[in-house]
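# Secondary and tertiary structure notes
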Amino acid sequence: MQRIPVAGPWITEKEIQYVTDAVTNAWYGNANMFHERFEKAFAAYVGRKYAIALPSCTSALHLALLASGAGIDDEVIVPDATWIATSAPVSYVGATPVFADIDSHSWCLDAGSLEANITPKTKAVIVVNLYGNMPDMDAILEIARRHGIAVIEDAAESIGSEYKGRKAGSFGLASAFSFHGSKTLTTGEGGMLLADDEDVHQRCLFLRDHGRAPGEKQFWNTAVAHKYKMSSMQAALGLAQLERIEELVERKRQIFSWYQEALADTEDIVLNSEAPGVKNTYWMVTAVLDAKMGWTKERLIAAMAERAIDCRPFFYPLSSLPAYEHLEQAAVAHSRNTIAYGISPYAINLPSGLNLTQAHVERVVDSLKALLRNGPYDAKL
Ligand SMILES: Cc1ncc(COP(=O)(O)O)c(C=O)c1O
């Protein structure tokens with residue numbers, strides 16, 4: 001039986017042509033020809049002034065935090081349900097992550113929990129557009145403005161999503177996208193940092209090139225900084241994907257609608273939501289099971305894997321990870337973040353790769369339904 005992967009890209013002849021062009025021609029004086037086109041087109045697509053192509057979203061978040069001025073003795077609020085790439089850069093700059101709860105519908109940062117976690121040490125908040133959904137941006141921006149804290153948007157999973165007509169990645173001081181191989185738009189590995197403020201942009205250009213502003217004296221560095229660059233082959237791949245972004249996003253929404261249709265008669269499963277005014281691009285179709293069904297995510301993923309279907313666990317709350325067990329406030333978050341802790345044990349990401357067909361989705365759903373009907377069987381997991 002053919003294995004169904006959990007994620008994967010949609011690559012066409014266009015991508016192959018652009019990458020071939022880059023590997024053949026983007027050297028010497030032409031080394032940046034694809035970066036310039038990719039960055040300009042990406043900024044225009046999202047509706048930002050500036051874009052910088054980078055090796056990852058993690059590096060983009062690192063630069064954004066440095067530009068926000070967050071450092072030692074500062075706190076940066078992050079949602080408790082996300083990939084550690086959101087919070088790791090907080091530690092890179094010497095600040096402390098503070099884990100706020102998520103909203104029960106969007107699974108993104110809860111505005112009330114954000115406000116409750118603000119202290120005099122809070123320097124910034126990183127909002128995450130989880131699985132392509134959008135948080136309540138109006139409320140979050142208003143709270144951040146009132147308390148004078150910077151907003152950084154982790155848009156890693158949300159290319160093409162919208163909040164009240166504005167594209168994901170257009171909010172706050174800076175925003176970051178991921179082009180990891182699992183993402184809707186991929187460059188294999190890669191990321192993009194976006195901003196509207198000229199000073200923020202210039203600061204990030206300086207910090208990503210070993211402490212040297214573009215055009216400055218060669219091999220003459222005025223600070224110890226970072227080396228965060230994307231290759232021209234990746235930029236070419238990204239440009240080709242961006243030129244196809246409408247069909248990539250449409251395919252993601254179609255995959256979600258196939259699941260929605262196939263699971264319409266199934267009670268006790270909640271799929272990704274889409275609030276009025278939000279366009280969700282469903283990066284990962286996610287099923288939250290009712291706890292009373294007796295299935296944990298680990299058990300269900302193992303059972304699906306036996307049927308040659310790869311799923312992923314919903315993110316473990318960051319505050320539950322061994323990486324953060326030394327943080328006093330991780331223990332506090334553990335008892336306080338009831339939504340993140342309530343959803344995470346019972347939720348899985350279903351196969352959402354761009355090469356999925358409706359027949360694949362039906363196979364996934366048939367397996368899921370059969371498992372749920374028969375109940376959990378392997379008490380060891
Ligand atoms: C929410 C979120 N933030 C950040 C990242 C980091 O992206 P990258 O792997 O490009 O550094 C990811 C990647 O999976 C992510 O899902």
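This one's a predicted model, so the numbers in the text were calculated from it and none came from an experiment.

## Remarks on the sheet that holds strand 12 (residues 286–289)
Spatially, the 4 strands line up as an open sheet ordered 10-12-14-13, and their pairing is antiparallel. In this open sheet, the two edge strands, each paired with only one partner strand, are strand 10 (269–271) and strand 13 (312–313). Where strand 10 and strand 12 come together, 3 bridges link them in antiparallel fashion. Considered in strand 12, the bridge of Leu271 is made with Ala287.

## Quick word on the packing of helix 1 (residues 13–25) against helix 8 (residues 232–242)
At a minimum axis distance of 8 Å, the contact between helix 1 and helix 8 shows a crossing angle of 150°. In terms of orientation, helix 1 and helix 8 fall into the roughly antiparallel class. Crossing angle aside, the handedness with which helix 1 passes helix 8 is right-handed. Counting all contacts with helix 1, which are made through Lys14, Glu15, Tyr18, Val19, Asp21, Ala22 and Val23, the residues of helix 8 involved are Ser232, Met233, Ala236, Leu237, Leu239, Ala240 and Gln241. A breakdown of the residues in the contact of helix 1 with helix 8 according to their chemical character gives 9 nonpolar, 2 polar and 3 charged.

## Examining the packing of helix 3 (residues 57–68) against helix 7 (residues 198–207)
Angle between the axes and distance between the axes are the two parameters that describe a pair of packed helices. At a minimum axis separation of 9 Å, helix 3 and helix 7 run at an interaxial angle of 120°. Of the possible angle classes, the one that applies to helix 3 and helix 7 is oblique. Between helix 3 and helix 7 lies a crossing whose hand is right-handed. Each of Leu63, Leu66 and Ala67 in helix 3 lies in contact with helix 7, whose residues at this interface are Val200, Arg203, Cys204 and Leu207. Considering only residue class, the contact of helix 3 with helix 7 consists of 6 nonpolar, no polar and 1 charged.

## As for the nonpolar core
Core analysis: the biggest nonpolar cluster contains 121 residues, and Ala64, Val76 and Leu193 have the highest contact counts within it. Sorting elements by how many residues they give to this core places helix 3 first, with 8 residues. Both domains that furnish three or more residues to this core are identified here as domain 1 (13–242) and domain 2 (245–374). Here Ala64 is in contact with Ile152, Leu173, Ala174, Ala176 and Leu193, once residues within four sequence places are set aside.

## Topic: the environment of Ile84
For Ile84, the location among the structural elements is in the loop between strand 2 (75–79) and helix 4 (88–92). Counting along the chain gives 142 residues from Ile84 to His226, while the straight-line C-alpha distance between them is 20 Å. Setting aside residues up to four positions removed in sequence, Ile84 forms contacts with Leu318, Leu321 and Ala323.

## Observations concerning the site of the ligand
In the vicinity of the ligand, 14 residues are found, and the nearest of them are Ser56, Cys57, Thr58, Ala85 and Ser178. Its residues assigned to classes, the shell around the ligand shows 5 nonpolar, 7 polar and 2 charged.

## Description of helix 13 (residues 358–374)
For helix 13, with 17 residues, the first-to-last C-alpha span of 24 Å sits near the 24 Å given by 1.5 Å per residue. Residues of helix 13 that are buried include every one of Val361, Arg363, Val364, Leu368 and Leu372, and no others. Taken around the axis of helix 13, the buried residues stretch over an arc of 160°, which confines them to a single face. In helix 13, the exposed positions that point more than 90 degrees away from the buried face belong to Ala359, Asp366, Ala370, Arg373 and Asn374. Next to the buried residues of helix 13 lie helix 9 (245–262). One or two positions beyond helix 13, positive phi appears at Gly375, with a value near 85°.

## Things to note about helix 9
Counted at 1.5 Å a residue, the expected span for helix 9 with its 18 residues is 26 Å, and the 26 Å between its end C-alpha atoms agrees. Buried within helix 9 are the following residues: Leu248, Val249, Lys252, Ile255, Phe256 and Tyr259. Burial along helix 9 is one-sided: seen end-on, the buried residues are contained in an arc of 115°. Of the exposed residues in helix 9, those oriented more than 90 degrees away from the buried face are Glu246 and Glu250. Elements in contact with the buried residues of helix 9: helix 8, strand 10 and helix 13.

## Examining the pairing of strand 1 (residues 50–54)
For strand 1, the buried fraction is high: 4 of the 5 residues fall into the buried class. By the bridge criterion, 5 bridges tie strand 1 to strand 9 (residues 191–195) in an arrangement that is antiparallel. Along strand 9, the bridge assignment pairs Ala53 with Met192.

Cut-offs applied
Residues numbered from 1 in each chain as written. Predicted model: local features only at pLDDT ≥ 70, side-chain atom pairs only at ≥ 80, totals over all residues. Pairing = 2+ DSSP bridges. Helix = DSSP H or I, 4+ residues; strand = E, 2+ residues; numbered from the N terminus. Axes fitted to C-alpha atoms, helices over the stretch in contact; angles between N-to-C directions. Parallel < 35°, antiparallel > 145°, perpendicular 65-115°, else oblique. Left-handed = near helix turned anticlockwise from the far one by under 90°. Contact = placed C-beta atoms within 7 Å. Nonpolar A, V, L, I, M, F, W, Y, C, P; charged D, E, K, R; others polar. Core = buried A, V, L, I, M, F, W, Y, C linked by C-beta atoms within 7 Å. Buried ≥ 20, exposed ≤ 12 C-beta atoms within 10 Å, placed from the backbone. Domains from an automatic or database assignment. Near = placed C-beta within 6 Å. Expected span 1.5 Å × (residues − 1). Arc of directions from axis to C-beta.

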